[in-house]
Each structure stands twice: as C-alpha cells, then as structure tokens.
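Per-entry structural report
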2 protein chains.
Amino acid sequence: MTTSPSADEPQGNYDVDYVVRYTFGGTGKQPSPLGGGEFRDRDEATEQLNNLLQTLADIGFLTEVRPSDRTTLLVFIRAPEKSLLRATHTSRVRDWLYGLRNTQPGGESSPGPQSGAERLRAIHYMLTAPVEDGGANITPKYGQWKNVDSIFPLHDDKTNQAWMRDWSKKTFLTKEDLDQIRDKFGEKIGFYFAFLQSYFRFLFFPALFGFSSWVMLGYYSPIYAIVNCVWCVVFVEYWKRQEVDLGIRWQVRGVSVLSSKNRHFKPEREVQDKTTGELRPIFPWTKRLQIQLLQIPFALVAVIALGAVIATCFAIEIFISEVYNGPLKTYLVFIPTILLSSLLPISSTILTKVATKLTELENYETKEEHDVAFIQKMLVVNFITSYLAIFLTAFVYVPFANIIVPYLDVFRVTVRPFVSQEDEKTINHSDFKIDPHRLRKQVIYFAVTAQIVNTCMETVVPFIMRKLAIKYKEYSEEKANNEKGSPAYDDHPDEADLLKKVRNEADLPEYDVTDDLREMVIQFGYLSLFSTVWPLVPVSFLFNNWLELRSDFFKICKEFKRPVPERADTIGPWLDTLGLLAWIGSITSSALVYMFSNEGLGRHGNAGEITGWVLMVTIFFAEHIYLAVRYVVEKTMSKIETPSIRQERAQKLLLRKNILGTMADDHSTIASVGNVDGPDEIDRASLEEDARTRTLQEARPSDRFWGRQKNWKESLQIGTKIIESYQATGVKKQQ
Amino acid sequence: MTTSPSADEPQGNYDVDYVVRYTFGGTGKQPSPLGGGEFRDRDEATEQLNNLLQTLADIGFLTEVRPSDRTTLLVFIRAPEKSLLRATHTSRVRDWLYGLRNTQPGGESSPGPQSGAERLRAIHYMLTAPVEDGGANITPKYGQWKNVDSIFPLHDDKTNQAWMRDWSKKTFLTKEDLDQIRDKFGEKIGFYFAFLQSYFRFLFFPALFGFSSWVMLGYYSPIYAIVNCVWCVVFVEYWKRQEVDLGIRWQVRGVSVLSSKNRHFKPEREVQDKTTGELRPIFPWTKRLQIQLLQIPFALVAVIALGAVIATCFAIEIFISEVYNGPLKTYLVFIPTILLSSLLPISSTILTKVATKLTELENYETKEEHDVAFIQKMLVVNFITSYLAIFLTAFVYVPFANIIVPYLDVFRVTVRPFVSQEDEKTINHSDFKIDPHRLRKQVIYFAVTAQIVNTCMETVVPFIMRKLAIKYKEYSEEKANNEKGSPAYDDHPDEADLLKKVRNEADLPEYDVTDDLREMVIQFGYLSLFSTVWPLVPVSFLFNNWLELRSDFFKICKEFKRPVPERADTIGPWLDTLGLLAWIGSITSSALVYMFSNEGLGRHGNAGEITGWVLMVTIFFAEHIYLAVRYVVEKTMSKIETPSIRQERAQKLLLRKNILGTMADDHSTIASVGNVDGPDEIDRASLEEDARTRTLQEARPSDRFWGRQKNWKESLQIGTKIIESYQATGVKKQQ
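On a predicted model such as this, the values are computed, not experimentally measured, just so you know. (Residues numbered from 1 in each chain as written. Chains lettered and ligands numbered in written order. Predicted model: local features only at pLDDT ≥ 70, side-chain atom pairs only at ≥ 80, totals over all residues. Heavy atoms only, no water.)

1. Things to note about the overall build of chain A
Condition: The helix count covers DSSP runs of H or I at least four residues long, the strand count covers runs of E at least two residues long, and both are numbered beginning at the N terminus. Any residue under 20% of the maximum accessible area for its type is buried, any over 50% is exposed, and the rest in between are partly exposed; the area is computed with a 1.4 Å probe on protein chains only. Residue contacts follow a heavy-atom distance rule, with two residues in contact if any of their heavy atoms lie within 4.5 Å. Surface exposure here means Shrake-Rupley accessible area, sampled with a 1.4 Å probe, where a residue is shielded only by the protein chains that are shown.
Counting its regular elements, chain A contains 24 helices and six strands. Counting all 735 residues of chain A, 49% fall into the buried class. Of the contacts made within chain A by residues no fewer than 6 positions apart, 78% connect residues no fewer than 24 positions apart. Accessible area of chain A: about 35,400 Å², with a carbon and sulfur share of 60%.

2. Some details on the packing of aromatic side chains
How two aromatic rings sit relative to each other is given by the distance of their centres and the angle of their planes. The line we're drawing: Note on ring pairs: Phe, Tyr and Trp rings are taken, using the six-membered ring of Trp, and paired if centres are within 6.5 Å. Classes follow the plane angle, with under 30 degrees stacked, over 60 edge-to-face and the rest tilted. When the NZ atom of lysine or the CZ atom of arginine is within 6 Å of a ring's centre and also within 35 degrees of its normal, the charge is said to sit over that ring.
A full pass over the atoms with the stated rule returns 74 aromatic pairs over all chains. Put simply, the rings of F191(A), F195(A), Y199(A), F202(A), W231(A), F235(A), Y238(A), W239(A), W250(A) and F524(A) pair up and form one aromatic cluster. Above the plane of the ring of Y397(A) lies R438(A), whose end atom (NZ or CZ) is 5.3 Å from the centre. The ring of F185(B) is capped by R562(B), whose NZ or CZ atom sits 5.8 Å from the centre of that ring.

3. Regarding the packing of helix 7 (residues 222–249) of chain B against helix 17 (residues 513–530) of chain B
Residue and element names in this part refer to chain B. How we decide: Orientation is described by lines fitted to C-alpha atoms, with helices fitted over the stretch in contact, and by angles between N-to-C directions that extend from 0 to 180 degrees. Residues were grouped as follows: Ala, Val, Leu, Ile, Met, Phe, Trp, Tyr, Cys and Pro as nonpolar; Asp, Glu, Lys and Arg as charged; and all remaining residues, including Gly, as polar.
Following both chains from N to C, one finds helix 7 and helix 17 inclined at 145°, their axes separated by 9 Å at the closest point. Residues N228, W231, C232, F235 and V236 of helix 7 lie in contact with helix 17, whose contacting residues are F524, L527 and S528. Here the residues of the contact of helix 7 with helix 17 are counted per class, giving six nonpolar, two polar and no charged.

4. Points about the packing of helix 11 (residues 334–362) of chain A against helix 12 (residues 367–404) of chain A
All names here are of chain A. As a reminder of what qualifies: An angle counts as roughly parallel when it lies under 35 degrees, as roughly antiparallel when it exceeds 145, as roughly perpendicular when it falls between 65 and 115, and as oblique in every other case. Each crossing gets its handedness from the near helix: less than a right angle anticlockwise from the far helix is left-handed, clockwise is right-handed.
Orientation of helix 11 relative to helix 12, taken along the N-to-C sense of each, is 155°, at an axis distance of 9 Å. Viewed along their axes, helix 11 and helix 12 adopt a mutual orientation that is roughly antiparallel. Two packed elements cross with a definite hand, and for helix 11 against helix 12 that hand is right-handed. Taking contact as the criterion, the partners of L344, S348, L351, T352, A355, T356, L358, T359, E360 and E362 in helix 11 are, on helix 12, H370, A373, F374, K377, M378, V381 and T385. Looking at side-chain class alone, the contact of helix 11 with helix 12 contains eight nonpolar, six polar and three charged residues.

5. Digging into the sheet that holds strand 4 (residues 148–152) of chain A
Strand pairing in a sheet relies on backbone hydrogen bonds. The paired strands run either parallel or antiparallel. All names here are of chain A. Our working definition: One bridge is not enough; two strands pair if DSSP finds at least two bridges between them.
In spatial order, the strands read 2-3-1-4; together these four strands make up an open sheet with antiparallel pairing. Unpaired on one side and paired on the other, strand 2 (62–69) and strand 4 mark the two borders of the sheet. Adjacent strand axes in the sheet meet at a mean angle of 20°, parallel and antiparallel pairs treated alike. Relative to strand 4, strand 1 (residues 18–23) runs antiparallel, the two sharing four bridges. Each bridged residue has a counterpart across the sheet, and for Y22 the counterpart in strand 4 is V148. Each of strand 1, strand 3 (72–78) and strand 4 touches helix 3 (residues 116–128); the most contacted strand, strand 1, lies at about 35° to it. Strands strand 1, strand 2, strand 3 and strand 4 of the sheet are contacted by helix 16 (residues 496–507), whose axis makes an angle of about 110° with strand 3.

6. A closer look at the pattern of salt bridges
Short version of the rule: Counted as salt bridges are all cases of a side-chain nitrogen of Lys or Arg within 4 Å of a carboxyl oxygen of Asp or Glu.
The final tally for this structure, using the stated rule, is 44 salt bridges over all chains. Note that K501(A) and D157(A) form a salt bridge whose closest N and O atoms lie 3.0 Å from each other. In this pair, K501(A) sits in helix 16 while D157(A) sits in helix 4 (residues 157–167), placing the two residues 344 residues apart along the sequence. Residue D157(A) is classed as partly exposed on the basis of its relative accessible area, which comes to 31%. A salt bridge links K240(B) to E237(B), with the shortest nitrogen-to-oxygen separation between them at 3.4 Å. With a gap of three residues between them, K240(B) and E237(B) both fall in helix 7, about one helical turn apart. Residues joined by salt bridges that share partners form a network here, namely R21(A), D149(A), K473(A) and D507(A).

7. Brief notes about the domain arrangement of chain A
Reports often express the size of an interface as the amount of accessible area lost when the parts come together. All names here are of chain A. Defined as follows: Start and end points for every domain follow an automatic or database-based domain assignment. Pairing of N or O atoms within 3.5 Å defines a polar contact, subject to two protein rules: one partner must be a possible hydrogen donor and the other a possible acceptor, and residues neighboring in sequence count only if both atoms are side-chain atoms.
According to the domain assignment, chain A consists of domain 1 (5–154), domain 2 (175–256 + 279–649) and domain 3 (680–735). Contacts between the two partners involve 28 residues from domain 1 and, on the opposite side, 29 residues from domain 2. Along the contact surface separating domain 1 from domain 2 lie one salt bridge. Among the salt bridges present, the one from R21 reaches D507, with a minimum N-O distance of 3.0 Å. For the interface between domain 1 and domain 2, the tally reads six residue pairs in polar contact (both at pLDDT 80 or more). Ranked by residues supplied to the side of domain 1 that touches domain 2, first place goes to helix 3 with five residues. Class assignment for the residues of the side of domain 1 that touches domain 2 results in 13 nonpolar, seven polar and eight charged.

8. Considerations on the sheet that holds strand 2 (residues 62–69) of chain B
A sheet is described by the order of its strands in space; here four strands give the open sequence 2-3-1-4 (chain B), paired in antiparallel fashion. Each edge of the sheet is formed by a strand with only one pairing partner; in this case those strands are strand 2 and strand 4 (148–152) of chain B. The mean angle between the axes of side-by-side strands here comes to 20°, regardless of whether they run parallel or antiparallel. Across seven bridges, strand 2 of chain B lies against strand 3 (residues 72–78) of chain B in antiparallel orientation. Bridge pairing links V65(B) to V75(B) in strand 3 of chain B. Running over the sheet, helix 24 (residues 712–724) of chain A touches strand 1 (18–23), strand 2 and strand 3 of chain B and is turned about 10° from strand 2 of chain B. Across the sheet, helix 3 (residues 116–128) of chain B touches strand 1, strand 3 and strand 4 of chain B, and the angle it forms with strand 1 of chain B is around 35°.

9. As for the environment of L154(B)
All names here are of chain B. By the secondary structure assignment, L154 is in the loop between strand 4 and helix 4 (157–167). In sequence terms L154 and I138 are 16 residues apart; their C-alpha atoms lie 19 Å from each other. When near neighbours in sequence (up to four residues on either side) are disregarded, L154 contacts N13, V16, D17, V19, L498, V502, E505 and R562.

10. Re the UniProt feature "transmembrane region" (unreviewed entry) in chain A
Heads up, the condition is: UniProt positions are given in the numbering used here, feature names are shortened, and annotations may be inferred rather than shown by experiment.
Under the local residue numbering, the UniProt record ascribes the feature "transmembrane region" (unreviewed entry) to residues 189–211, 217–239, 296–319, 331–351, 387–408, 443–465, 580–598 and 610–629 of chain A. End-to-end, the C-alpha atoms of residues 296–319 of chain A are 34 Å apart, and along that stretch the chain is 100% helix and 0% strand.

11. Quick look at a negative patch on the surface
Here is the rule: Nonpolar side chains (Val, Leu, Ile, Met, Phe, Trp, Tyr) are joined into patches within 5 Å and like charges within 9 Å, using only residues with over 30% relative accessible area and no salt bridge. By the counting scheme adopted, Arg and Lys are positive, Glu and Asp are negative, and His together with the chain ends is not counted. Charge placement uses NZ in Lys and CZ in Arg. For Asp and Glu, CG and CD serve respectively.
Negative charge collects at one region of the surface, where E724(A), D43(B), E44(B) and E47(B) lie side by side. Within the fold, E44(B) resides in helix 1 (residues 37–58).

12. Quick word on helix 18 (residues 537–559) of chain B
Rule in force here: The angle between axes fitted to the seven residues ending at a residue and the seven residues starting there is what we call the bend at that residue.
Its maximal kink placed at E548(B), helix 18 of chain B deviates by approximately 25°. Burial within helix 18 of chain B is extensive, with 17 of its 23 residues counted as buried.

13. Some points on helix 5 (residues 175–185) of chain A
All names here are of chain A. What helix 5 keeps buried is the set D177, L178, D179, I181, R182, K184 and F185. Contact partners of the buried residues in helix 5: helix 3, helix 4, helix 6 (187–216), helix 7 (222–249) and helix 18 (537–559). G186 lies just past helix 5 and shows a positive phi near 95°.

14. Describing unusual backbone geometry
Of note, N363(A) is a non-glycine position whose phi angle comes to about 60°, a positive value. Position of N363(A) among the secondary structure elements: in the loop between helix 11 and helix 12.

15. Quick look at the side chain of R550(B)
Residue and element names in this part refer to chain B. Looking at where R550 falls in the secondary structure, it is placed in helix 18. For R550, the side chain forms a polar contact with the main-chain oxygen of T171, separated by 3.2 Å. Not counting chain neighbours up to four residues away, the residues in contact with R550 comprise W167, S168, K170, T171 and L173.

16. Comments concerning the side chain of Q523(B)
Residue and element names in this part refer to chain B. If you trace the backbone, Q523 turns up in helix 17. The class for Q523 is buried, based on a relative accessible area of 1%. Not counting residues up to four positions away in its chain, the partners in contact with Q523 are Y199, Q451, F541, N544 and N545.

Given below as structure tokens:
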C-alpha cells in the first residue's frame, strides 16, 4: 500500500480527503432591530472562515472552496504527504506508549498510512484533536467553530458498487472481504460486519435443527429448548474469542485504553496531580456515583410507563378481539394498534431525552464512557418495547386470563364512542376461551413480519425519501434560478459531477453503528428468549440476516455520509447484553416448556394446572445448569487457539529463543572456564574477591566453613568416604 | 540492597544458600541374591554424587559436603556473585520477553538480586531448570537424580523470632511487614499472608455488626442476612483489586504466563510447529477433554459416597440422641461420632487418590495447570466434608423430620450390640420433637470448637511431635554410639550448631501454602453460608484469624523446611471459590431467613408451614438481586484507583508527555514555515513533488482541481465572495 491516495481512491474523488461544510446562513438568528444584523453575521462568518482556512494552512493542508447551496459553502481538504507522514507517526507513537504496539515506531522514516481508513483517521485526528495533542482542534458546531457544520470524507462509489455486486452473488463473506471493509471504513464498522457475518454463519445450525424440530418434535419441545440455550452460550463465547482474534489480526487489540475527550465535560475544579505535578480538571466520582444512582428510579419509571402503555393496549386488544362481539368489531380491532403506534414512540422519545440528560449530568470525561452509559440506560427501554408484549401473552394472559377477563369490562369506554348503548349490551364474556395460538402468532409476527417491515423502513423508505428530496431541491432551485434569471452557481464542467455528488452527500445524515448493533442484539434476544414457541424463528432470521448485511452496506453507502473511520476492539456493551439475553433465555425457555408442553392446556386440558413451586424449581435448575454450562464453555473456548493468537505466540517464542540463545552462548563460554582443568583459580579467586570486599571486617566463621573443601574434587573425596563408611549395620566409621 | 548475602542473612547460616540432602542408604532396595548388592548401590551412589558435584561446579557453585545421619549426607551450596548476576539477568530478560517488565534489563551490568527471595529463586532456577533454559536440571527423586532427596534453603532464625515477637504485640500487620514477608519467603506466601491480613481487617465490620445484630435483632434476621451478603460481595471484589495492586507493587503482575514444566508430562507425539519450525511434544487437547469429562462422574461418586457416610451418621445420631431413650444413652451417643471420624478420613483419602490419578491422566504440560486442576477436583470433596452436615440439619431435618423419623427405626441395629432385647422395646418416638436449637448448636460447633481444635492439630500437635521425634532420634543415636564406642560423626566445634540445625531442618516436611488457603476459604464459606444462624460467627473468626496468621508463620518457621520462594500474582483458583461461596451464600441465607424467621416454627408454631413456591420465589429474587449487586460492586471497584495503579499510570503519562512533546516541537517548527509569509513555496513545492512522482502519467483532473486556488488566501477570497453574495432573499449573485 503506497502512501499516495491515488492507489486507494479512484480519480473520481479528485484526491479529496475531507470536505468541510461551512454554514453562513445564520438560519436561527433573528435580525437585529438595530439593523446591520445581516452584516454582523456575514462579518462573523467571514472571520470564522478566515480562522478556519488559516488553521488548515498552518497544519499544512491544501484547501479549495466551492459554493454549495444558498446558506453553505464547501471547503475541500487534502493532506500533503509530509504532514500525513508526521501525523501517522505521531499516532503510532501514541499507540506504542499505550502498549498497543510492541515495537517502537522508527523515527521520521516510518512508512505512511497502511490503508485508506488509517489515512482518513490520521487526517481526522489532525483536524479535531486538541492542540496539546498536536491537532487543530476544529470542533464542528461547538464553540469557536459554530459555523462548521460537519467534516466528512467522500464515498468511493466505484468500489462500493463493485462490492455490492460481488456480495449479492455469494452467501458468505470471506475474511478478505471483512479486511477490505475494515480498510475502507475503519475497525468499528468492520467489527459490526464481522459480527453480522459470524451470527449469520452460526444461524445455520439452529435453522436446520429448528426446522427438523418443527417437523418432528412439534412446539415447546424440551430438546429444542436445551439445544437452543446451549447454542446461544456457545455463540456468545465464540464471538468473544473472535473479537480477540480480530483485534490481533487488525492490530487494534486493547485500543479501548485510548479515549477521546468528551467535549461537553464540565469539570468541577482543577486538581494538581501529586505524581506528575500537572493540573487535571476533574469531577469527583462520588458525585457521579450519586447521579448514577438515579438510573434506578429512571429504570423503574421506564418500566412502569412503558409497561402501562403496552399492558393497557394489550388489555384493550384482548377485550375487543376476544370478548367484544358487537358491531364494528373488525374496525375497532385497530384501536389498540393505533394507540400503541402513537403512544409508544412518544413515550420512548421522552425517555430517550431523559436518558440523554441524565448521561450528560453524569459528566463523563471521555466520549466512550458517555456513549456506553447512554446505551446502558436505554437498554431497559429497548427491552420493554421489544419483549414485554410477548411476556404478557406468555406469562400473564395464558395462566391468568380467566381471572382477569371479567375486569376488562372497564375497557368498554374505548368502544363507547363507536357503538350505541343497546349494542353495548351484547358484550358477553362467558364465551371467552383462551386462544392457545395467540402466543405463537405473536412470535411469528415479531420474527417475520416485523423484521421485513423493519428492513423496509430502514433501507427502502429513506432511499425513496432521499430521491424525492433531491428532486424537490432541484426543482426549487430551478424555480429560484428562473426567478432570478441566473444559475445559482457556476461550476467548471470538469468539476460539475464531483460537486453535484458532494452537495448531495453533504445533506445526508451521519451514520452511527450503534443502531444497527442494537437491532441485531434485540433480534438475538427473540431467538434466545422465545424461539421455543415457534422453532422456525432461526430460519426466518437466517434469511433476514443475509439480506441485512447487504442492505446495511447499501444503506451506509447511499443514505449516510461516509463514516469517519474509528478504531474499536469490541462491539462494546452489546457483548454483555448478548450474554444477558442468553441468560434470560434459559429462564424463559424452561418456564415456557414447563407451562406449555401440552399446547398450554395443562394435563387435563385446563390452563390453570400450573403448579407454582414446580415451575420455580424448574427455573432454578435450568438457570443453574445454564450457568455451569456457560462456565465450562468459557474455559474450553479459552483453551482453543485461533490462528492470530497462535501466530502472535510463535513470534514471541522466536524472539525469546533468539535472545536467550545469545545469553546461553555467553553463559557457556564463561562456564566452560570453570571446568575440570582449572577449578582452583575460580574458587580461590571468588573467595579472594569476597575477602577483598570485607577488608575491614574480621575473618568470619563462614570463610573457614567454605574453606575446608577448596574445590569440588575435595568435596567428592569427603563424600565418597562418607558413603563408603556406610555399612549394612548402619553405623558410620570415623570420618 | 546489596548483592552479597551478608546483609540479608546473619552470620548464623554461614552464607549457605541451599542444602542438598543426598541419600545413599538404599532403604528400599532388596539385597541382591548374587551378593555385592551393597557395593553396587554404593558405587551407584558415589557415581551420582560425582555427577552432582561436577554439575554444581560447572555452573560455578561452591560446595561443601558433611555427613548427616546414617543414610544421608548434606551438600552445602553457595553461589558466587558472578554466576548469580548472570542468573538474575537471565531471569529478568525472560520476564521482559514475556511482558512482565516494561524496561529491557541492561546488559551484564544490571544489579544483582534485590531481595533474599529473588536470590534464592534465581539459585533454585539455576539448579532445577532444564538445560535448554540455562539450568542444571537437577530433579530431586526423579530420573538421573534419584538419590537427591531434596534441595532446601535454611531458615533465618533470628529474623523469624524477631518478627514473631513483634507481631504478637500488634493487631495489624503493616504494608512494610507484608513486603518483608515477601522479601524473605517469596510472593506466593506473601500473597497468602496479604490475603489473611485483608480478610482479618474486613472481619471487623461483620463482627461488630453481627454482635449488635445478635444483641438487638436476634437470630435469622433478614437485615443481618442482607448486610452479610453485601459484605461478602464487597470483600471478594476488594480482594481482587488488592491482588492487582500487590501485583504491581511487587512487580509480579502477569507472572502467571511463566510456567514451569510438568515433569510427569507424557507427550503423545512430537509435532512440528508450523510457525517456528521446532518440534514440540504435545498431547492433543481433545483427548484431555475426554478425560476431563470424567470429572463429572467423579463428582457424582464423591457426592454420593461422602453424602451417604455423613447422612448415615447423621441419622444414627438423631436416632440415638432424640429418639432412643434406653440405657447407655450417654455412651451410645458417641457411636456416630466414632463412625464419622473413622469413615470420613478414609473416604476422603480414597477420593484424594482418585483425584490425583485423574489429574495425572489429564497430562498437563505445566505444573501450574496440574495443580489448579487438582484443586478444582478436590473442591467437591472439600465442600461436602465441610458443609453437608449443616445443610442436612437446616434443609432436611427441620422441614422433614416428622416424616423421616419413623423410618429411623432401622438404626436400632446400631444399638443392638449394646442393649438387651427388652430394653430395646423402650424406644418410643411418639415423644419426638424437632429440636429447634440443633442447627445453632451445630453452627457454633463449626465456628468455634472446630476452629480451635484445628489450630491445635495444625500447629501445636506437630510441634510437640517434632520435639519428641528429635529426642527419640538423639536417644537412639546415643544408644548406637554407645554400642559402637564412638560418636557417629565428628563435627568441628565451629560448625556443630549449624550442622545440628541443618540436620533437624532436613527432616522436616515441605510446605504447601494450598492447605492453608483451603482452610481460610472454607472458613469464609461458613461465614457466607450459615452466619445468619448465629450472628457471632464473624466474632469468633476474628479472634481465630488473629491467631491464625501468627500461628501459621510459626508453623512455617518451625515445622516445615523453609519454602523455596515462588512467584505468584494471585491466590489462584481459590479466588473463584470465594466468589462461588458468596453466591451460594445468597441462596442459603435467603432460604434460612424464610424458613426459620420464627425460630423455625413457622407462623403457627408448626415447622411444616413452609410453602414451597414462596421459598423458591424468595431464593429466585435473593439470588438475582445478589448478582445485580455484584455487578454494580464490580464496576464501582474497577473505577477506584489504588495507589500502585495511580503511580503506574502517572509514570506512563510522564513518559508519554515527554515523547510527544519532542514530536510537537518538531511539528511546530515545520508548521511555522507554512505561515502567512511564504505559503506559496510549500504548496507549489508539494504539488511539484506530487507531479514528479507522476511523470509518466497524464495530467489529471485532480491537479487542475487543486490548482485553482493556489493557497489559502486565495481560498479565503473565494469564500468571502460566496458569503457576501448571500442575500437575505437567499439568492446568490454570480460568482
């Protein structure tokens, strides 16, 4: 890999490394009553642009400015080789100091960036790192750089399309494909695709087993439940191992120690570090702990709020679909759906805002800690919105419906606006029977329908919206141009295509891999928790994930700005979440198997036959057996050496052998001097040496002790005498 | 610390580093029928002694030979400074290659051993390591060195006594005391004493709380149970942190990667390592896995066997003490005790032998893995022998005694040998009542009586036996001397005391810290599992452990050979055991509180009032709350920085700052060239440079793109124009 960008990026991007979108429209500002506000904004914008371009020039970048639309302009950045070499070298030294690299990078002569991602990352670091770390400290939308809207690289369309064509033809991505993703998009996204690929590969087994189980064993089979739980455990442990292997292969193992400053960190005070003597801004962790304790009431509020919403809609749905028998039933069935679809997003949004605020209050020093804390808070919300409905059906509706249904009459109020008084009287719930297939239908919905809908919403709809937005923008610009009689901007014909592409890309949102990871982990949860209900769940997921990998790649290329490559050596807190879901899966699977093994109707066809303590004992044993299996799998997995680990170990061994070999040579040369031929000199010499160091001390008894047998031959003589004086009678002769 | 031994060891040991006990008595050999067997043994012994002394001389050691008793002689070894420097240097290089040290040790000029323990360890390594690792490969009792009975260092009596006097006066050992233990005995034993000290310190809180709980809250208090469980969690996590801190302080962190070869390893075949090209003897891990699966039936057999023994004795005891009312009752009560005391050790010994055999079959490559595997197998045996009795009382006797007692009549057979037929008829179990205090009495026994008896058996009795053995040996030697008319050996008056001491020490057994660790961990188990029954358990342990630390030190000094210092950075598999015990404690504590909260008599005074499912639900919630608390404590603890970790981090920070500072200086010098004054040269120069590299290619559009604004000032002009052409109407003028 050469250091010039020309080998990595085709000419289509004109060697542009980054584009800065600079806004000067002042869309949010009120015109000042004094007038001249326009001009003040304009002067401010011009001054900031001055600062920006000067800063970029100071760190050695080439710049070009082009207009974009009415309120923004684009600054194209390109890094000349010298600055880039320097930046790459600094970054590698930083890695070495933090222990990520074993060999100290050579001086200024170290080679340039090894991949497109490393190049982009180095440049981004130069642009955004604080000055004391050697960067230009350009912080988009913040502080001095308010007008800088975003800094983003350009998509490499040719390569993207080549890959999409290639992958749509094959089932599995190879290791080289994943390496290529990493070379282009960075390790964080590379890890996501590697995870998706591993998950996809692993899904073949439960898909096959689930299918045969569905054919031969029926539903709620204990054998399937056990195999499913063991599979979940093995997959999670396998992925942990893969992370280590990939970390070594991509040389990012341990990169979590590097952290980027959280720009919203508000330190309480500055403290002089006793050991280094420098001032460090700190926020006491005791205060943070107190705010972290607020997570508990937040979780409770989330559970209660979302739970109430879901439970209420659930109850209304049961009432209308199974109890109510009056007119308009087919239309009224949609009421709970409408309620749910409106209330749930609102509640989730409110809770998300609260979680964001709480995380900001916790005031983390690094961006990574901040993100992890936010993800952890949102876990409760995610779990409830994804799983509570099925939980209610499985563990509340089926066991207790007969008791609860009479109380559902309160929901007549939902029906009242639509039907008259007399018709209401026709509601009769003595005919109510528990629908045993409700649970399965619900699981099928989540496993198949919801996944398809989700893929469409995620990939297809934004794509269409994007195209419409572009068309609308073109249309309104043409209209404006026609009014003014001249085109908005006058591009050189050479650059017209590039600028059109860049303007479109500048409008795209920024990509966050967390959302895709969340989606995959929640999907894994359905598999782990509820697939005993319908064993074809993994089959559906298998097909979905083949499509998901390719559609996610399509989404990144077409619907988001090209992400700035970031390094990572793990998928983060989602790994713990996977383990947690596998754990909960052991509990729910055992409970489901026990409760429903006769199609949910108990031994006598009566759903109320579930014994409390047998259920709890089943859960107790299932969970602890699961934990024991997990322990065993963990230990076994840690013994297996992946190729990267073996290679790393071999390299260390070689190095070790070489150095010890050199020492052993020295060792044997010196030792060979003290051989049979001249022992006297060494012993007496060392004794004399010791004696010399103690010239001021008296002669010690130990000297006399050690002087009695001057060398080993004399010792041997004494020893032989002792042995020979041993007689079978066991008495020693005189010495 | 100087390199000469004189500063570390007082003159009393005459600078002796190690003593080799060499046997030539051939105690196990049959005299050959051909005769001359004596002479053959003697020749063999002499030849081995020749080898031994020559080998020692080859690696540069000084030797002295003295007689010991009728069948052994002693070889005194002392290492001259030069060989020692070399050995220490080799050992440090090995540490560096394995990543244990951050700085490469300087060449031959690195300083000598820093402590007595390092010196002894270096010498021991030189004596016993394989030849390819630079050692003499002397393996006691094995192979070529069958006659070498043991290699051991000598106790430093003065220092030992000074410390014992010092510690018997104070309550807490300081960090410096622990450092001293480590300097003398090595890190493995240092970790044991550090653990004991931490455990002792931590016991103050549950002792105080237990005492006040005993006074104010009574028995089986839920508050005490909760506080106890939380304390267990906090202690285990705290100790994990302490291990890290100590590991950094004693510079042994990560030393687990160094491993010593297992001498009994029988490889199956040799395989050429693909990466290094050398032949490695291996034993396939798949075969090992199959043998490891045998642990499961072993555990089951252990549970059944020991469980049967204990349960039977338990049942007999209940029968005799609570049902039987005939004559000789006071004497018959001892039958189960006698049975237990005889059957249990026999079963334990048999199971220990089986475990040892299984571990050997598993054929581990390193000694460390072998030891860990053995400890894990024995865990089941240890748990059953220690805890099953109380489990039976708490969870079988109290809930189910009324059902079981009628079946105990079968145990009349134990009474029959002692009483006549008519007296037997007086057995009446209608008067049987569950003794509610039985459980408490049992726990008091284990917490107080058993601990005292254990300390005596461990420390006092062997000491007395030792003294008696020495007296007996002197007596029999005098008798033999009187028969032969001459003394056995003729010591020089200077050396008489030393040789007497060495001969006594040579007879002592070798110390293994595992037994003491096991004892402490089992004790922790009583605290975690059963202290809700009697809240004064921690008080008793507090006193016991103060004594334990000092008596264990006394035991090491007086009743065992001085241990060869070993390095360790953890207490090993016992750490996982502590966590497991804390976990089980949450289950048993919640169950005990629920079952016994009214003195075991239920709400209506009837012990049969325990509801199954409430019990299971209580356990379910208690256990999961415990796991959540453990997770939280883990995360919180990992945020706390101990002093060593802070220091290490500060050192790295300093280093980092220095190196990056140098780079930043270079950076700014170069960057300052590209300032306002002379921008043209840099940009044109870099463009020309790029152009030079592409002499064979055509002029590319990107060159034209990047050539339009030659420097940042031109870019600024263009940008300013764009901004100024922005009008409030939102239409841009022509460029």
